[in-house]
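Chain and residue survey
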Amino acid sequence: KGRPVLLFFWAHWCGECKREALVVTRLLAEYRDEGLAVIAPTRRYGYAARGMEATSGQELKYIAEIRNRYYAGLLDIPVPVSEENFKNYGASTTPTLVLLDRQGIVRMYHPGQMSYDDLAARVQEVTTSGKP
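Okay, so let's go over this structure. Everything numeric here is computed off the predicted structure, so don't read it as measured data.

All chains considered together, the criterion is met by 1 disulfide. With its sulfur 2.4 Å from that of its partner, Cys14 forms a disulfide with Cys17. On the sign convention where negative means left-handed, the S-S torsion of about 85° between Cys14 and Cys17 marks this disulfide as right-handed. In this pair, the class of Cys14 matches that of Cys17, namely buried.

This is the structure we're talking about:
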């Protein structure tokens, strides 16, 4: 509470997520000073590169590799790895974007990609409203 939060649900296999990460990275750079926080939950799927089965540890290592390679602008944000986060927010597709206001109220829930302009407009609404 007290800060607007953008939840960016993603998956290591998701090409659209990699493209959306560029939008999220840009927004974080522009709105961080306005208090915006970004959290990027992901989860294990039981496989890694080329669909090869993977143990939990192997998949976590693969997630880290993908994150370093494709999400470099978001390396300083939390990335909780949990199936529960997806269940709690009903995120059944990736990417899914969830925007919470400063009071922790969900103000936007969007499965799929969003353009920079559309997402920036929504982020601006929550960063400017309810400022202390």
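Following the structure, the description resumes.
Here we take up the pairing of strand β1 (residues 5–9). A large share of β1 lies buried, amounting to 5 of its 5 residues. By the alternation rule, side chains of β1 split into Val5, Leu7 and Phe9 and Leu6 and Phe8, which are all buried. Here 3 bridges tie β1 to strand β2 (residues 37–39), and the two strands are oriented parallel to one another. Bridge assignment links Leu7 to a residue of β2, and that residue is Ile39. Where the polypeptide runs from β1 across helix α1 (residues 15–31) and back to β2, its parallel neighbour, the crossover connection is right-handed. Alignment of β1 against strand β3 (residues 96–100), held across 5 bridges, turns out to be antiparallel.

Each value, and the rule that gives it
Residues numbered from 1 in each chain as written. Predicted model: local features only at pLDDT ≥ 70, side-chain atom pairs only at ≥ 80, totals over all residues. Heavy atoms only, no water. Disulfide = S-S within 2.5 Å. Buried < 20%, exposed > 50% of the residue type's maximum accessible area, 1.4 Å probe, protein only. Helix = DSSP H or I, 4+ residues; strand = E, 2+ residues; numbered from the N terminus. Pairing = 2+ DSSP bridges. Right-handed = clockwise from strand over helix to strand, strands pointing away.

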